[in-house]
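Tertiary structure, described
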Amino acid sequence: MRLRLIPRDTTYFDLLAALAQHNVSGASLLAELLGAPRGERAEVAARMSEAEHLADDATHSIMRRLNQTFVTPFDRDDIYALASALDDCMDDMEEAADLIVLYKVDELPLRVSEQVQVLQRCAELTAEAMPRLHTLNALEDYWVEINRLENQGDKVHRKLIAQLFDEVTDPILLMKLKEIVDVLENATDGFEHVANIVESIALKES
Amino acid sequence: MRLRLIPRDTTYFDLLAALAQHNVSGASLLAELLGAPRGERAEVAARMSEAEHLADDATHSIMRRLNQTFVTPFDRDDIYALASALDDCMDDMEEAADLIVLYKVDELPLRVSEQVQVLQRCAELTAEAMPRLHTLNALEDYWVEINRLENQGDKVHRKLIAQLFDEVTDPILLMKLKEIVDVLENATDGFEHVANIVESIALKES
Amino acid sequence: MRLRLIPRDTTYFDLLAALAQHNVSGASLLAELLGAPRGERAEVAARMSEAEHLADDATHSIMRRLNQTFVTPFDRDDIYALASALDDCMDDMEEAADLIVLYKVDELPLRVSEQVQVLQRCAELTAEAMPRLHTLNALEDYWVEINRLENQGDKVHRKLIAQLFDEVTDPILLMKLKEIVDVLENATDGFEHVANIVESIALKES
């Protein structure tokens, strides 16, 4: 452990935690969207869009702060990469919600809710891990568990794809459903990408 | 602002500006392709392919120089990342042009030209920003505007996708058109990626 | 060339070479899968899945070692990025094998075997290059050749896509075949990404 002569600016940890919290809201809104009657989906998607704007604002606050402060707790570009990666998760979740409305899909396969459960768990674990960046303690459990969840999400995704190709005979409906489940899989990959950046920061700084 | 004891090698700024200029040509060729009668598309796509080769050569000149010079104005890997990201934009634009010819698509939706206008603006702003890397002045306006354009491009893209799914009933034609507009959207994302790298460099070096 | 006061920990080169060797096995298994009668494909895909697990284990050994050792031959995050990128190639190859079985595709276009030959060559060159990271000698030939192969793979891929759209009239079969050849193309891009990281390391460290 290196000695730190200058006290860390802990505001970054709060800002990253706040950004990660928006992803928790985003994943919850996705779950709400799946359970909503078709007529109410647009309203849930609109709240998702607001959540995405809030996450954008949170990301830009971090970038502005990086621009203005001299001492940062980690390398500037690591904080930058971490904030961008957290924001990417929200972008994918918002895209999935938007596609569900845009494609006017009547019914989604049941297994989509398994994908969203994985996303909810990933979002929660990530939000819980952000404050631990302060001490870099107890982060390994987080990234190991995210990697496990991403593997699980990958298996659910492949079963879903096989099921879609077996059951859906309308090629245009198949294209729509496939893209929705693919974007949800991208969101899971996004959380793994966040975990990889955290692991990489922990390796450098510890 | 750190003191610089060694004068900067400004050649890199010229080389990056030249590479970015190829993207301006590429975006113009895309616009020309959209306006060309179907029989002349292959000829425009061939010129696009030449432009892509020139961009490749420009990228490799930068890599070779990085390999041979000791003092670089920024971290070597940042210059590397920036040159690669600029080259990726061209690759996507060339791919879109190639797909339009390869898929023998009769008519493209009108909104595709809005996507290409966004790309042209992104390419111009990027080329204008490269020389400003020298002093790192007045770059924020550039990356803020690119982010705004990427958002605008994203909205155009989603409307296009909704329109395609509403209007195109032939699933194979739908697949072709969707891929073309998706690759154009990737190109816009590519310019945002360039802007993110510039922002990240500015944060580190300022 | 910088003087090195501390002897390099050469274990990393062995570990990276071992990881790269799993990609050679993966590419061979893909070739075997293409040649296998349909009834035996699942068994080959199962061996591919095992190879993918071994590559995962090899990747995690590298990450654990990075976590435990103080002196590394390169920047920790470069080793991290390189191991991740090698593992990504395997993931794509395993995904392609899995899709071939999952989609129950009767016949693959002949040109798919050209894609797999490119992957085999990429995997072999990459495995041969890893031990040369030790001295950073003779690596340029490797990354130049990988870039050439990726270009060649890209051309094969585009011809394949054009052929699929010309010949396959069942849109659902077309979607399946297109995704398989796209994932194989991603794997080729993955090897180029590895080569780009090696080039970037060589630029920084030389």
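Shown above is the structure to which this text applies.
Okay, so let's go over this structure. (Residues numbered from 1 in each chain as written. Chains lettered and ligands numbered in written order. Predicted model: local features only at pLDDT ≥ 70, side-chain atom pairs only at ≥ 80, totals over all residues. Heavy atoms only, no water.)

Let us now look at the overall build of chain A. Tallying secondary structure elements over chain A gives six helices and zero strands in all. For 206 residues, the compact-globule formula gives about 17 Å, and the C-alpha radius of gyration of chain A, at 18 Å, lands near that figure. The dimensions of chain A, computed from C-alpha atoms along their principal axes, are 65 × 30 × 20 Å. Burial statistics for chain A: of 206 residues in total, 56% are counted as buried. Pairs at least 24 apart in sequence give 82% of the contacts found in chain A among residues at least 6 apart. For chain A, the exposed surface amounts to about 8900 Å²; the carbon and sulfur share of it is 50%. Chain A carries 20 positive and 39 negative side-chain charges, and their two centres are separated by 3 Å. (Helix = DSSP H or I, 4+ residues; strand = E, 2+ residues; numbered from the N terminus. Rg over C-alpha atoms; globule rule 2.2 N^0.38 Å. Buried < 20%, exposed > 50% of the residue type's maximum accessible area, 1.4 Å probe, protein only. Contact = heavy atoms within 4.5 Å. Areas by Shrake-Rupley, 256 points an atom, 1.4 Å probe, with all protein chains shown as cover. Lys, Arg positive; Asp, Glu negative; His and termini not counted. Charge placed at Lys NZ, Arg CZ, Asp CG, Glu CD.)

It is worth spelling out the relation of the copies chain B and chain A at this point. Of the transformation placing chain B onto chain A, the axial shift is 0.0 Å and the rotation is 120°, giving an RMSD of 0.0 Å. What the rotation and shift describe, once combined, is the action of a three-fold rotation axis. Among all residues of chain B, the one whose C-alpha sits closest to the rotation axis is P171(B), at a distance of 3.7 Å. Interface overlap between copies: only 11% of the residues of chain B at the interface are likewise at the interface in chain A, consistent with a contact formed by different surfaces. (Least-squares fit on C-alpha atoms with pLDDT ≥ 70 in both.)

With 17 residues of chain C in contact, the opposing surface of chain A contributes 18 residues. When chain C packs against chain A, close to 1700 Å² is buried across both sides, 60% of that on carbon and sulfur atoms. Considering only the side of chain C, the residues that lose the most area to chain A are Y80(C), I172(C) and M175(C), jointly responsible for 33% of the buried surface there. The interface formed by chain C and chain A holds four salt bridges in total. Of the charged contacts in the structure, one is a salt bridge between R158(A) and E94(C), with a shortest N-O distance of 3.1 Å. Of all the elements in the fold, those that place two or more residues in the side of chain C that touches chain A are α2 (41-68), α3 (76-102) and α6 (171-205) of chain C. The class makeup of the residues in the side of chain C that touches chain A is eight nonpolar, one polar and eight charged. (Buried area = accessible area lost by both parts, 1.4 Å probe. Salt bridge = Lys/Arg side-chain N within 4 Å of Asp/Glu carboxyl O. Nonpolar A, V, L, I, M, F, W, Y, C, P; charged D, E, K, R; others polar.)

Often, the extent of an interface is quoted as the loss of accessible area upon association of its parts. Contacts between the two partners involve 19 residues from chain B, matched on the other side by 17 residues from chain A. A combined buried area of about 1700 Å² lies between chain B and chain A, and 60% of that area is made up of carbon and sulfur atoms. On the chain B side of the interface with chain A, the three residues burying the most area are R158(B), F165(B) and L203(B), jointly 41% of the side's total. Linking chain B with chain A are four salt bridges, by the criterion used here. A salt bridge links E179(A) to K178(B), with the shortest nitrogen-to-oxygen separation between them at 3.0 Å. Between the two partners, chain B and chain A, sit seven residue pairs in polar contact (both at pLDDT 80 or more). Broken down by secondary-structure element, the contributors of at least two residues to the side of chain B that touches chain A are α5 (140-167) and α6 (171-205) of chain B. The element contributing the most residues to the side of chain B that touches chain A is α6(B), with nine residues. Considered class by class, the residues forming the side of chain B that touches chain A number nine nonpolar, four polar and six charged. (Polar contact = N/O pair within 3.5 Å; in protein donor to acceptor, adjacent residues only side chain to side chain.)

Okay, the packing of aromatic side chains next. Considering all chains together, one arrives at six aromatic pairs over all chains under this definition. Between F13(B) and F74(B), the aromatic rings sit 5.8 Å apart at their centres with planes inclined by 75°, giving edge-to-face as the arrangement. Residue F13(B) is located in helix α1 (residues 11-35), and its partner F74(B) is located in the loop between α2 (41-68) and α3 (76-102); the two are separated by 61 residues in the primary sequence. Overall, the relative accessible area of 3% leaves F13(B) in the buried class. On the accessibility criterion, F74(B) (4% relative accessible area) is buried. The cationic tip of R65(A) hangs over the ring face of Y12(A); the distance from NZ or CZ to the ring centre is 5.6 Å. (Phe/Tyr/Trp six-rings, centres within 6.5 Å; stacked < 30°, edge-to-face > 60°. Lys NZ or Arg CZ within 6 Å of the ring centre and 35° of its normal.)

Tracing the backbone shows D189(C) in helix α6. Along the chain, D189(C) and D14(C) lie 175 residues apart, while their C-alpha atoms are 24 Å from each other.

Ranked by size, the top nonpolar core spans 231 residues in total, and within it M130(A), Y142(A), M130(B), Y142(B), M130(C) and Y142(C) carry the most contacts. Residue contacts for M130(A): discarding those within four places in its chain leaves F13(A), L16(A), A17(A), A20(A), L82(A), L86(A), Y142(A), V194(A) and V198(A). (Core = buried A, V, L, I, M, F, W, Y, C linked by side-chain atoms within 4.5 Å.)

What follows deals with unusual backbone geometry. Positive phi values are uncommon outside glycine, yet A138(B) reaches one of about 55°. Considering the arrangement of structural elements, one finds A138(B) in the loop between α4 (112-129) and α5. You will see that L136(C), though not glycine, has its phi angle at about 60°, which is positive.

This paragraph deals with the state of the cysteines. Counted under the stated rule, the structure contains zero disulfides over all chains. The cysteine C89(A) is free of any disulfide, with C122(A) supplying the nearest cysteine sulfur at 8.4 Å. (Disulfide = S-S within 2.5 Å.)

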